[in-house]
Amino acid sequence: MRSLCRSGLVSRKGCTAAPAIVWHTQILGPLRGPFATQGRSYTGTAWFEPLLLEQHPGARHLLPQQQPRTNAIPAQRHSPATARLCPRPQGLACNLLSQPQDIPGKPAMTPTTVRTTLSALALALASLSSQAADTVKVGLGPAPNVVSLAPFAAAQALGLFKDANLDVEAFEITDTLPALTSKRVTLAVGLPEPILNYYQQNPGKTLPIAFFYNLLPQTFEFAVAADSNIQRLEDLKGKRVGTGALNWPQVDTTRAVLKSVGIGERDFTFSAVGVLGAGFHALRSQRIDALNFNDSWNDMFELTGFKLRRLHYPDAFRGLGAGVFITHADTLREQPELLARFGRAYNQGQRACVANPAFCVRAVWQQYPQTRPSQGALINNEADAVTLLSRRLQLIEADPAASQGRFDHTRITGYLAAMQGQGYFKGIALDLPALFSNQLAASFTDYDRAALDARAKAAQ
């Protein structure tokens, strides 16, 4: 409503009234003037709603929900002045051009008047459509890349966010929790482990946040050279394992995984080797025996020509996803419909990338030019970027929960039990359904997948 007030379409006095009344009396009233003065009272918005919704489906929520729909313009006979424009009185447009013949002394609308009025109507529609979109600010994790940005870029390029009546702003943040609790962002991409650690270290305290969309299954793994004699997790005993940094959230899970196969903290060397190229060089030069990176980083390493053998975490330790959308608890409670629209459009964007990954890569590079590879980059061509994205999407699509944005509470409970069995998260008390919320999950995939696939495949 504030944006409408600023636009000048609504009077200052009107800005203080209830939006459901103001928008159709202050905006639509003047526009229907030429029609309402022809001896008939066309009150309400019934005559206007079909045209508005046909051109701008996202504006449905702006219409007054309790407005009686009994004042639609009846079929009318045309005056000679409009007969050429609308020979048969069918549909709203023809009714608007019609002149009742049973009202003596009322002049017929001329074609010029009709064109002028409809032009004003189109301008108002365009202004209303652009100003009505709800802003959603999304905090991204550090160093977003083509894999993490693809669903956003696809949803933007295909107009999926627009269809959902959303204006999405996605940007990198480094202070996820403060940004969420202060409501500086609507939602953020994050990891669940830091929140679990907080609850373990602060018993009895709660954070005003909720996870409402499951982005990824577990993606961390061990990678060794393909010609290495390390074949199983147990073979890592006495070996040197490198990861990006020892304060990364997944480090406790990595330690618990090794402990579960008989490798205690003193039975292997765990060191920080840096990210991406630095870590790749550490394994290639045999400074370490295994890398503990996520699947996409290991895919990037293999695309450089180095062959890897992957050692996956046991299933019990894969129940906690590697990425979630987090929002303030107030937002989930007060604006669930907003989050549902966003989640659906995001899921559609992800699905579009499954159908046409090359389009998504190009969309990312166009919308986020800083991600376009430069000369000498590890991934420096479209074909490799498509391969990288496709592999991640295959991992997501193979997971029944993550592909739908849904949390599998049974698997999360199993993960916590496995971690507690190795001495982690002991005594932690969680309201699991509230923290890992499936409240909106059913709406995320409520769309025509076949139609979306066709739309994505036709995109260039």
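Bear in mind that the values here come from a model prediction, so they are computed numbers and not experimental data. (Residues numbered from 1 in each chain as written. Predicted model: local features only at pLDDT ≥ 70, side-chain atom pairs only at ≥ 80, totals over all residues. Heavy atoms only, no water.)

Colleague: Can you tell me about the pattern of salt bridges, naming the residues and giving the values?
Modeller: Tallying each qualifying case throughout the model produces 21 salt bridges. Here D315 ties to R411 by a salt bridge, and the two come within 2.9 Å at their closest N and O atoms. With D315 in the loop between strand 9 (308–312) and strand 10 (323–328) and R411 in helix 18 (residues 409–421), this pair connects stretches of sequence that are 96 residues apart. Residue classification places R411 among the partly exposed positions, given a relative accessible area of 26%. Here R411 makes a salt bridge to D399, at a shortest N to O gap of 4.0 Å. On the criterion of sequence distance, the pair formed by R411 in helix 18 and D399 in the loop between helix 17 (382–397) and helix 18 is long-range, its members being 12 residues apart. (Salt bridge = Lys/Arg side-chain N within 4 Å of Asp/Glu carboxyl O. Helix = DSSP H or I, 4+ residues; strand = E, 2+ residues; numbered from the N terminus. Buried < 20%, exposed > 50% of the residue type's maximum accessible area, 1.4 Å probe, protein only.)

Colleague: So, the pairing of strand 8 (residues 290–294): which residues are in play, and what are the values?
Modeller: Of all 5 residues making up strand 8, 5 are buried, and the element is well covered by its neighbours. When strand 5 (residues 220–225) meets strand 8, the two strands line up antiparallel, connected through 4 bridges. Each bridged residue has a counterpart across the sheet, and for F220 the counterpart in strand 8 is N294. Relative to strand 8, strand 6 (residues 240–243) is paired through 2 bridges, and the arrangement is parallel. Of the residues in strand 8, the one forming a bridge with V241 is A290. (Pairing = 2+ DSSP bridges.)

Colleague: Got a sec to walk through the environment of D408? Specific residues and values, please.
Modeller: Residue placement: D408 occurs in the loop between helix 17 and helix 18. Spatially, the C-alpha atoms of D408 and G319 are 7.8 Å apart, while their sequence positions differ by 89 residues. In terms of polar contacts, D408 uses its side chain to reach the backbone amide nitrogen of T410, at 3.1 Å. (Polar contact = N/O pair within 3.5 Å; in protein donor to acceptor, adjacent residues only side chain to side chain.)

Colleague: Quick one: what's the story with the state of the cysteines, residue by residue and with numbers?
Modeller: Evaluation of the coordinates by the stated rule reveals 1 disulfide. One disulfide in the model links C353 with C360; its S-S distance is 2.1 Å. Between C353 and C360, the S-S torsion sits near -105°, and that sign places the bridge as left-handed. Here C353 and C360 have matching classes, each one buried. (Disulfide = S-S within 2.5 Å.)

Colleague: Give a detailed account of the sheet that holds strand 4 (residues 209–216), specifying residues and quantitative values.
Modeller: Spatial strand order, 2-1-3-10-4: 5 strands in an open sheet with mixed pairing. At either end of the open sheet lies a strand with only one pairing partner, and these are strand 2 (166–172) and strand 4. Taken pair by pair, the neighbouring strands of this sheet meet at an average axis angle of 25°, ignoring direction. Of the pairings in the sheet, the one linking strand 4 to strand 10 comprises 6 bridges and is antiparallel in character. Directly across from L216, in strand 10, lies its bridge partner G323. (Axes fitted to C-alpha atoms, helices over the stretch in contact; angles between N-to-C directions.)

Colleague: Go over the nonpolar core with me, naming the residues and quoting the values.
Modeller: Grouped together as the largest cluster of nonpolar side chains are 71 residues, with contacts concentrated most on F152, F212, F325 and F342. Excluding its chain neighbours within four sequence positions, the residues that come into contact with F325 are F152, L187, A188, V189, A210, F211, F212, Y213, L215, F342 and Y346. With 44 residues, the next largest nonpolar core counts L180, Y199, L311 and A418 among its residues. (Core = buried A, V, L, I, M, F, W, Y, C linked by side-chain atoms within 4.5 Å. Contact = heavy atoms within 4.5 Å.)

Colleague: An account of helix 13 (residues 295–303) is needed here, citing residue identities and associated values.
Modeller: Buried residues dominate helix 13, accounting for 7 of its 9 residues. Taken together, the buried positions of helix 13 are D295, S296, W297, N298, D299, M300 and F301. Residues of helix 13 that are buried make contact with helix 7 (146–157), strand 5, helix 12 (277–284), strand 8, strand 9 and helix 17. Between a side-chain oxygen at the N-terminus of helix 13 and the backbone nitrogen of S296 the separation is 2.9 Å; the capping residue is N294. Just downstream of helix 13 lies G305, where phi reads positive at about 110°.

Colleague: How would you summarise the side chain of S437 if you had to cite specific residues and measurements?
Modeller: Summarising the element assignment, S437 is placed in the loop between helix 19 (432–435) and helix 20 (441–444). Its relative accessible area of 5% is what places S437 among the buried residues. If near-sequence neighbours (up to four positions away) are discounted, S437 is found in contact with F211, F212, L332 and F407.

Colleague: Kindly report on the sheet that holds strand 9, identifying the contributing residues and their values.
Modeller: Ordered by their spatial adjacency, 5 strands build an open sheet running 7-6-8-5-9, and the pairing between neighbours is mixed. Strands with a single pairing partner mark the edges of an open sheet, and in this sheet they are strand 7 (269–272) and strand 9. Averaged over all pairs of adjacent strands, the angle between their axes in this sheet comes to 30°, without regard to strand direction.

Colleague: Account for the confidence of the model for the protein, with residues named and values stated.
Modeller: Taken over all residues, the pLDDT of the protein has a mean of 80, while the share at 70 or more is 71%. Of the regions scoring below 50 in pLDDT, residues 1–56 engages in 101 contacts with residues more than four places distant in sequence or in other chains. Ignoring residues within four places in sequence, the model shows residues 59–104, a span with pLDDT below 50, making 85 contacts including any to other chains. (pLDDT = per-residue confidence, 0-100.)

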